Amino acid sequence: EVLREFSKKSGLIIATGGGVVTRDENYPLLHQNSHIVFLDREDMTQLSKKGRPVSQSTPIEKLIQERMPKYRGWSDLTIRCVNPYENAKKIIKELKL
């Protein structure tokens, strides 16, 4: 419901959790008014599990294997993560913002 509400608005950056791709109905919500950018990290196995119940109960490698095809398939743009500043510069350049 939160995604449904915010995806109607313009000019926002919506940072979703990794589980957003586990519900197919989320794709049209995200794509209706925005570009979907996938921030591709070199080593996703090093993501913090703190405050992430699914990551605490399921091996991160399994989550990556299940979700990666959708992360890549849903994205309009994939950015290889370097650091927040460089990532933002790449996104601005690629989306011509």
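Note: the structure precedes this text.
Residues numbered from 1 in each chain as written. Predicted model: local features only at pLDDT ≥ 70, side-chain atom pairs only at ≥ 80, totals over all residues. Heavy atoms only, no water.

Draft legend 1. View of the nonpolar core. In this structure, Leu3, Val20, Val21, Leu29, Leu30, Ile36, Phe38, Met68, Tyr71 and Trp74 together form the largest nonpolar core, which totals 10 residues. Those elements giving two or more residues to this core turn out to be helix H2 (26-31) and helix H4 (60-74). Counting residues per element, this core draws most heavily on H4, at 3 residues. Ignoring any residue separated from it by four or fewer positions in sequence, one finds Leu30 in contact with Leu3, Ser7, Thr16, Val20, Ile36 and Trp74. (Core = buried A, V, L, I, M, F, W, Y, C linked by side-chain atoms within 4.5 Å. Buried < 20%, exposed > 50% of the residue type's maximum accessible area, 1.4 Å probe, protein only. Helix = DSSP H or I, 4+ residues; strand = E, 2+ residues; numbered from the N terminus. Contact = heavy atoms within 4.5 Å.)

Draft legend 2. Main features of the packing of aromatic side chains. On inspection of all chains with the given rule, the structure shows 2 aromatic pairs. Ring geometry for Tyr27 and Trp74: centres 5.3 Å apart, planes at 65°, overall edge-to-face. Of this pair, Tyr27 sits in helix H2 while Trp74 sits in helix H4, placing them 47 residues apart in sequence. By relative accessible area, which is 29% here, Tyr27 ends up partly exposed. The ring of Phe6 has Lys9 lying over it, and the distance from NZ or CZ to the ring centre is 5.7 Å. (Phe/Tyr/Trp six-rings, centres within 6.5 Å; stacked < 30°, edge-to-face > 60°. Lys NZ or Arg CZ within 6 Å of the ring centre and 35° of its normal.)

Draft legend 3. Region of interest: the environment of Asp76. Here Asp76 is to be found in the loop between H4 and strand E2 (77-80). Once the C-alpha coordinates of Asp76 and Ile36 are considered, the two residues, 40 residues apart in sequence, prove to be 5.2 Å apart. Apart from the residues within four sequence positions on either side, Asp76 is in contact with His31, Ser34, His35 and Ile36. A polar atom in the side chain of Asp76 sits 3.0 Å from the side chain of His31. (Polar contact = N/O pair within 3.5 Å; in protein donor to acceptor, adjacent residues only side chain to side chain.)

Draft legend 4. Quick look at helix H5 (residues 84-95). With 12 residues, H5 extends 16 Å between its outermost C-alpha atoms, agreeing within 8% with the 16 Å of an ideal straight helix rising 1.5 Å per residue. Where H5 begins, one side-chain oxygen reaches toward the backbone nitrogen of Tyr85, 3.1 Å away; that side chain belongs to Asn83. Downstream of H5 by a residue or two, Lys96 has a phi angle that is positive, lying close to 55°. (Expected span 1.5 Å × (residues − 1).)

Draft legend 5. Structural detail: the pairing of strand E1 (residues 37-40). Here E1 shows a clear split, with Phe38 and Asp40 buried on one side and none of Val37 and Leu39 buried on the other. Taken together, the 4 bridges between E1 and E2 define a ladder with parallel strand orientation. Paired with Asp40 across the bridge in E2 is Arg80. (Pairing = 2+ DSSP bridges.)

Draft legend 6. Structural view of the pattern of salt bridges. A complete count under the given rule lists 7 salt bridges for this structure. Salt-bridge contacts for Arg4 lead to Glu1; the nearest nitrogen and oxygen are separated by 3.7 Å. The salt bridge involving Glu86 is made with Lys89; its shortest N-O contact spans 3.7 Å. Taken together, the residues Glu86 and Lys89, both in helix H5 and 3 residues apart, mark about one turn of the helix. A residue is classified by how much of its surface remains accessible, and Glu86, at 27% relative accessible area, is partly exposed. Relative accessible area serves as the criterion here: at 41%, Lys89 is assigned to the partly exposed category. Within the structure, one salt-bridge network assembled from shared partners comprises Asp40, Arg72 and Arg80. (Salt bridge = Lys/Arg side-chain N within 4 Å of Asp/Glu carboxyl O.)

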